[in-house]
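# Coordinates in review
Each chain, letter by letter, is given below.
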Amino acid sequence: MEQTKCYHCGDDCAKKPIVHDEKSFCCNGCKMVYEIFASHDLSHYYELQQAAGATPKEIEGKYDFLDTDAIVERLTEFNDGSIQIVNLYVPHIHCSSCIWILENLNKLDPAITNSQVNFPKKTVRITYHLDKITLKELVLLLCRIGYEPYISLEDMGERATSVDRGLIYKLGVAGFAFGNVMFLSFPEYFDLNSSKDSGGEFWLNQYQDVFRWLMFAFSLPVVLYAARDYYTTAYKGLRTGILNMDVPIALGVTVLFVRSTLEIMFHWGPGFFDSLTGLIFFLLLGKFFQQKTYSFLSFERDYKSYFPIAVTVIGDEGETAVPAHEVKEGDRLLIRNEEIIPADGVLLSEAAQIDYSFVTGEAVPVQKNKGDKIFAGGRQINGSLEMETLKTVSQSYLTGLWSNSVFQEDKTTKFQAITDRIGKRFTLSVLTIAFTATFVWLFIDPSMALNVFTAVLIIACPCAIALASPFTLGNILRIFGKRKFYLKDAQTIERLAQIDMAIFDKTGTITTNQKSKAVYEGMPLTAAEESLMKSTLRASNHPLSRKLYELLAAHDIATLDEYQEHVGQGISGTKGKRNIRIGSGAFTGSSDTTDQLQTAVHISSNEGYKGSYVFQNQYREGIEKLFLELAGEMDTAVMSGDNAGEQERLGRLLPKGTQMLFNMKPEQKMHRIRNWQEEGKKVLMVGDGLNDAGALAQSDVGIAISEDINVFSPACDAILDASKFQFLKEYIQLSKKAIRIIKWSFVLSLAYNVVGIYFAVTGQLEPVIAAILMPLSSISIVAFTTIVSNYVSRKLP
């Protein structure tokens, strides 16, 4: 008697299934999970995949250890008392339905604000409100819906993950079967049936049926196990009305196996078990090669793409900027206004205002007091703070902020869309050609019909087309990282290649802080005013503030009672009854009309306006050449919040036609970029990463220039090391070459398929040869894109 299958997990329901809503369940746990999904309008989960769930295990008391605060503290990566973030390893994540349900956890419990799945690593990162749900309750919820996390108390510092060796096992099974089937097929190859009186070889003919059934036996695990993924993917695609790339492969394997089995059953012939096992073996070999190649590219990018963040460490010899990865546990750090906190630590300053929106999505700043724990990823928004690190800097965690769903857009790009369209249409075309050719051959030579049908299905696979874009862009991403140009993702390359307008901020972007000089003009400052000015400047991250801070003589740093940054105007600081304002002439009350003819930082205190520090801007090396090269291909512009004092000098440096916009507030920059985009422009914005966050986010591609301070901002799409600024044109050119490589890959792949289909339709291609050529086409595309992208980038500085 056929067993009833559980609607949720697919297990047998034994003799007495639990029936609910006209559906059968093996246990109350599965029924409860279904009820949870149905009550929260998540029953579409079962449309993505039948029996998609896992059987809930007995979990009563299993996770009581999560009531211990010390354990929770070590497991969570963020915990400010109201919001917690945890990254859990969930071994059961295996398909699109798993991703779908885990990224909709907020519908199951509104206390969960966000959940993101990392499919390759089988992890889910969950943000939730601690006052509404605890970590233990969250884990129990995951268990109830069939996604029990794996929590290792022995190694909480390193997330334990199992290595998926499924592809290696399948490749081994297919290779073993293919080798044995080929060996057993030798008598058929030499056609020994016609030479029964040949003496020594006669025994082979006596056991011909045995050999054929042995080939059948070796082929069974290949079809049922090694090729299972192709059947699964094809089935899921057909269930959702999509003809994906695995449909013709699954159909070809099925036809080969059924036909071969019938041939040996009715003694029609030896069948095509050699072609069948060879097909699966070479398909899996190609997939293994692709997987290894792409994981190598991804690993190298992960390793090379650490942001060039410098952290200010306070030591016995004063303040020193050091690479973030050199920060040790126990170091004392200075975090300036708007800087990202690079590591978990304890606040040493009296108070701080921390914006954790980059981490949690919550825009309300959190008040922290001396001794409180503060977390990596937060941003100081009220002056500077000092902290002692509790952990080393995890730059992989900081890079994770870059892809936070808070900043996500629709990532469907042109070539992703083209690949999807080609894949669907090509698959439909292949099926049409295969059936039509088979029908025609039934009248010409029925014995050739099956060979033609199988060869067409095997040889004409759009897999190579699908590989062109990810491998090209992935390799270019790796090359950029080695040249100190760090991109958020591969799709940024595609957008960079479409740029037709480049906009540059002035201060800190086309100017450098390394060689700037300042001359003070005005009333002498008292020692108290200089000390207060130094303490106030210490908290600011504006390039002119940073430079002026370094130029001033040493003073005792005082903890400010109040600090404010007035965006686009200046900064102010208060200590006791003394107040100082630093910024533009209008902000400080200057009546000096020469303000419009120079770059200056103005000072005022309790006694009124004092004077200004006049800067002679030093422009970056190669700026004239860069603008000249860009002007030949696109519109260029300079937008600055400073006055027009440098306009005449810039006019001599930059090509004619370069637009120059001064006295632009951050919101004005953003609106101006939006206006250009509405006119059809694809805008590149190059800024300093902090003051230009809005403009960087609004632009099609936002690049932050990094010199020697923490300029990390999730608003940007790329970070460019300041030493490579003059080579920006070369990076844009390489992006355009990458797009051409993808197009050439499409052409080569389509040409290969057209030629292959011709030989298959005309009956000149054996299935086993098609099985070898198909994965080779994919490997050739991978090799072509990798070699050519490396070649075109060889002269990149």
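Here's a quick rundown of the structure. (Residues numbered from 1 in each chain as written. Predicted model: local features only at pLDDT ≥ 70, side-chain atom pairs only at ≥ 80, totals over all residues. Heavy atoms only, no water.)

### Some points on the environment of Thr 254
Its location among the elements puts Thr 254 in helix α12 (residues 246-265). Residue classification places Thr 254 among the partly exposed positions, given a relative accessible area of 32%. For Thr 254 and Leu 276, which are 22 residues apart along the polypeptide, the C-alpha to C-alpha distance reads 9.2 Å. Reaching out from Thr 254, the side chain makes a polar contact with the backbone oxygen of Ala 250 at a distance of 2.8 Å. (Helix = DSSP H or I, 4+ residues; strand = E, 2+ residues; numbered from the N terminus. Buried < 20%, exposed > 50% of the residue type's maximum accessible area, 1.4 Å probe, protein only. Polar contact = N/O pair within 3.5 Å; in protein donor to acceptor, adjacent residues only side chain to side chain.)

### A look at the pairing of strand β24 (residues 635-639)
Most of β24 sits out of view: 4 of its 5 residues are buried. The sheet contact formed by strand β17 (residues 501-505) and β24 spans 5 bridges and is parallel. Across the sheet, the residue bridging to Ile 503 is Ala 637, located in β24. Note: β24 against strand β25 (residues 659-661), 3 bridges, orientation parallel. Bridge pairing links Met 639 to Leu 661 in β25. With helix α25 (residues 647-653) bridging β24 and its parallel neighbour β25, the resulting β-α-β unit is right-handed. (Pairing = 2+ DSSP bridges. Right-handed = clockwise from strand over helix to strand, strands pointing away.)

### Notes on the sheet that holds strand β12 (residues 366-369)
Strand order in the open sheet made by the 3 strands is β12-β11-β14, with antiparallel pairing throughout. The open sheet terminates on both sides in strands that have one partner only, identified here as β12 and β14 (379-380). Sheet analysis places strand β11 (residues 351-355) next to β12, joined by 4 bridges and oriented antiparallel. The residue of β12 that forms the bridge with Ala 352 is Lys 368.

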